[in-house]
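# Structural description and commentary
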Amino acid sequence: MSKKIIGVLEGDFIGPEIMQEAVKILKKAAALYNHAVEIVPLEASGTAYDRYGCHLPPSTLALAGQCHALLKGPFGGPPEELHHPKWSGVEQGAILPLRKHFRLYANLRETKVWEPLMHLSPVKERIVRNVDVLIVRELTSGIYFGEKKERMLNNERVFADTEAYSESEIRRIAIKAFELASKRKRKVTLVAKSNVLKSSVLWREVVNQVAASYPGIENDYMHVDHAAMQLIMNPRQFDVILTSNLFGDILSDEASVLQGSIGLFPSASLGDSAFGLYEPIHGSAPSIAGRNIANPISAILCIALMFNHTFHCVTEAARIERAVRRTLESGFRTRDIFTGEDDPRLLLGTSEMGDRIAGMLDRGD
Ligand SMILES: NC(=O)c1ccc[n+]([C@@H]2O[C@H](COP(=O)([O-])OP(=O)(O)OC[C@H]3O[C@@H](n4cnc5c(N)ncnc54)[C@H](O)[C@@H]3O)[C@@H](O)[C@H]2O)c1
Ligand SMILES: CC(C)[C@H](C(=O)O)[C@@H](O)C(=O)O
Ligand SMILES: [Mg+2]
């Protein structure tokens, strides 16, 4: 691939602040390894609504389709403003269609505990040390996309969402999970609710069929309520967790707690080609926006994932991860990962943290 074309959707509230730092790292890493990069700004969510009255204009989708990868900031408004015209429907009108349009059915959310931040975890160090769990979340089906109904029953409104999965939807994400596990600790745990949900019974059947083609990979099953507990009590037992859209959403926020801040977690959304959408797992954090205090590491690590999964540049990806680790080892902190024991002179704003990591990138090995 000659020039790498990356579409950037800045997002709302802290979105532009952290995306700016991610782009800084992207440009720096590209320059270090002589990659030609073109950044294409794409309008979506709040800014698109102000200009076009919709959250995902067709022109954005068309331009996005010409990119090799998309870097996305969080979309959305304050959760308490559910019916605000600018924010209501961002999720259904922009986030979900973006994932569906590009058939990005595999969402990878990895929880690693960074050694210098171990003390931040509300869970004991002996439990979180060396945790490395990859949640493989199905992203384009399930209850997010199933039929929605509204009706009146006994004089009151009843709203319904449907959890529906086809065999092929389960099979393709299961194959992704087993392939990923084959390069890790070779274990896949399916998390579902087959004691209650019919769709979960299908997940178990199809995953067992897929598992038969991967004899070298351990395959087990856990009900989601039990898994939520085990993720905190004994997270090291997991390697790859394979799960549905909604369960993966919930479990990935829960897993981020093991590390102490959600501001550290990137994600990759992939389909059958190298094209990928890279975004933090967290939201737009309206209450801390505009103050240069958000943690940009989630967004910066999206660049490492992009180099890995879309461009297959593992050296560049490793170098970015190393720069983040060294910055944390040197004691630099944003407010979400700062405690009374840290040196107040090393407390950085969003853009200063980006600068530090960019500086560490220069150090190479
Ligand atoms: N993929 C996405 O675009 C995406 C993901 C999640 C939530 N959202 C949207 O974001 C909006 C806000 O959601 P929410 O309040 O439920 O969750 P949130 O993730 O925005 O915030 C949860 C908590 O984490 C903190 N936080 C989040 N990111 C941080 C960072 N980088 N640095 C420091 N602290 C950080 C926030 O300050 C808050 O205390 C909603 O509209 C929601 O739908 C979008
Ligand atoms: C905002 C919402 C639609 C989204 C999801 O549920 O997928 C978010 O929570 C996430 O984790 O990316
Ligand atoms: Mg979520």
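Residues numbered from 1 in each chain as written. Chains lettered and ligands numbered in written order. Predicted model: local features only at pLDDT ≥ 70, side-chain atom pairs only at ≥ 80, totals over all residues.

## A look at helix α8 (residues 224–233)
Since the α-helix advances by 3.6 residues per turn, residues separated by three or four positions end up pointing in the same direction. Val224, Ala227 and Leu231 are the residues of α8 that are buried. Along the axis of α8, the buried positions cluster into a sector of 45°, meaning they face one direction only. In α8, the exposed residues that point more than 90 degrees away from the buried face are Asp225, His226, Met229 and Met233. Buried-residue contacts for α8 involve β8 (187–192), β9 (218–223) and α9 (245–256). (Buried ≥ 20, exposed ≤ 12 C-beta atoms within 10 Å, placed from the backbone. Helix = DSSP H or I, 4+ residues; strand = E, 2+ residues; numbered from the N terminus. Arc of directions from axis to C-beta. Contact = placed C-beta atoms within 7 Å.)

## Thoughts on the sheet that holds strand β10 (residues 240–243)
Read across the sheet, ten strands follow the order β2-β1-β3-β12-β11-β4-β5-β10-β8-β9 without closing on themselves; strand pairing throughout is mixed. The sheet is open, and its two borders are formed by β2 (36–41) and β9, each paired with just one other strand. The average undirected angle you get between the axes of adjacent strands in this sheet is 25°. Here strand β3 (residues 69–72) pairs with strand β12 (residues 276–280) via three bridges, running parallel. Within β12, the residue paired with Leu70 across the bridge is Leu277. Packed onto the sheet, helix α1 (residues 14–32) meets β1 (3–9), β2 and β3 and runs at close to 160° relative to β2. This element, α9, spans β4 (106–112), β5 (132–138), β8 and β10 of the sheet and lies at about 155° to β5. (Pairing = 2+ DSSP bridges. Axes fitted to C-alpha atoms, helices over the stretch in contact; angles between N-to-C directions.)

## Some details on helix α11 (residues 314–329)
An ideal rise of 1.5 Å per residue puts 22 Å on 16 residues; α11 measures up with 22 Å between its terminal C-alpha atoms. For α11, the set of buried residues is Glu316, Ala317, Arg319, Ile320, Ala323, Val324, Thr327 and Leu328. If you follow the buried residues of α11, they end up packed against α1, α10 (297–309) and α12 (350–361). Backbone geometry just downstream of α11 places Gly331 in the positive-phi region, at approximately 95°. (Expected span 1.5 Å × (residues − 1).)

## Structural notes on the domain arrangement of the protein
Under the domain assignment used here, the protein contains domain 1 (1–105 + 271–365) and domain 2 (106–260). Each partner contributes residues to the interface: domain 1 has twelve residues there, and domain 2 has 17 residues. Those elements that provide at least two residues to the side of domain 1 that touches domain 2 are α4 (90–101) and α11. (Domains from an automatic or database assignment.)

## Focus on the UniProt feature "domain: Isopropylmalate dehydrogenase-like" (unreviewed entry) in the protein
This chain's UniProt record puts "domain: Isopropylmalate dehydrogenase-like" (unreviewed entry) on residues 5–357. Across residues 5–357, the secondary structure splits into 39% helix and 19% strand, with the terminal C-alpha atoms separated by 23 Å. (UniProt positions renumbered as here; feature names shortened; annotations may be inferred.)

## Quick notes on the nonpolar core
Counting residues in hydrophobic clusters, the biggest one holds 101 residues, and the most contacted among them are Ala22, Leu71, Val136, Leu242, Ile300, Ile303 and Ile320. Looking at this core element by element, the count peaks at ten residues for α10. Lining this core are residues from two domains, each supplying at least three of them: domain 1 (1–105 + 271–365) and domain 2 (106–260). Ignoring anything within four residues of it in the chain, the contact list for Ile320 reads Ile25, Ala29, Ile300, Ile303, Ala304 and Leu361. (Core = buried A, V, L, I, M, F, W, Y, C linked by C-beta atoms within 7 Å.)

## What to know about the confidence of the model for the protein
With 99% of its residues at a pLDDT of 70 or more, the protein shows a mean pLDDT of 97. For this predicted complex, the interface confidence reaches an ipTM of 0.98, while the overall pTM sits at 0.97. (pLDDT = per-residue confidence, 0-100.)

## Some words on unusual backbone geometry
The backbone phi angle of Asn130 is positive, close to 65°, even though this residue is not glycine. Among the secondary structure elements, Asn130 is positioned in the loop between α5 (125–128) and β5. Its 10 C-beta neighbours within 10 Å are what place Asn130 among the exposed residues.

## A closer look at the pairing of β12
Where burial is concerned, most of β12 is hidden: five out of the five residues are buried. Burial along β12 is two-sided: the residues Gly276, Tyr278 and Pro280 and Leu277 and Glu279 are all buried. By the bridge criterion, five bridges tie strand β11 (residues 266–270) to β12 in an arrangement that is antiparallel. Looking at β12, one finds that Leu270 is bridged to Gly276.

## Quick notes on the environment of His84
Looking at where His84 falls in the secondary structure, it is placed in the loop between β3 and α4. The class of His84 is exposed, set by 12 C-beta atoms lying within 10 Å. Along the primary structure His84 and Asn308 are separated by 224 residues, whereas in three dimensions their C-alpha atoms are 38 Å apart.

## Some remarks on the packing of α8 against α9
Interaxial distance between α8 and α9 falls to 10 Å at its minimum, and their mutual angle equals 15°. Taken as axis vectors, α8 and α9 run roughly parallel relative to one another. Of the two possible hands of crossing, α8 and α9 adopt the one that is right-handed. Within the contact between the two elements, α8 uses Val224, Ala227, Ala228 and Leu231 and α9 uses Phe247, Leu251, Glu254 and Ala255. (Parallel < 35°, antiparallel > 145°, perpendicular 65-115°, else oblique. Left-handed = near helix turned anticlockwise from the far one by under 90°.)

## Examining the pairing of β8
Summarising burial for β8: five of the six residues are buried, a large majority. Alignment of β8 against β9, held across six bridges, turns out to be parallel. By the bridge assignment, Val191 is partnered in β9 with Met222. In this region the chain leaves β8, passes through helix α7 (residues 198–211) and returns to the parallel neighbour β9; the handedness of that crossover is right-handed. (Right-handed = clockwise from strand over helix to strand, strands pointing away.)

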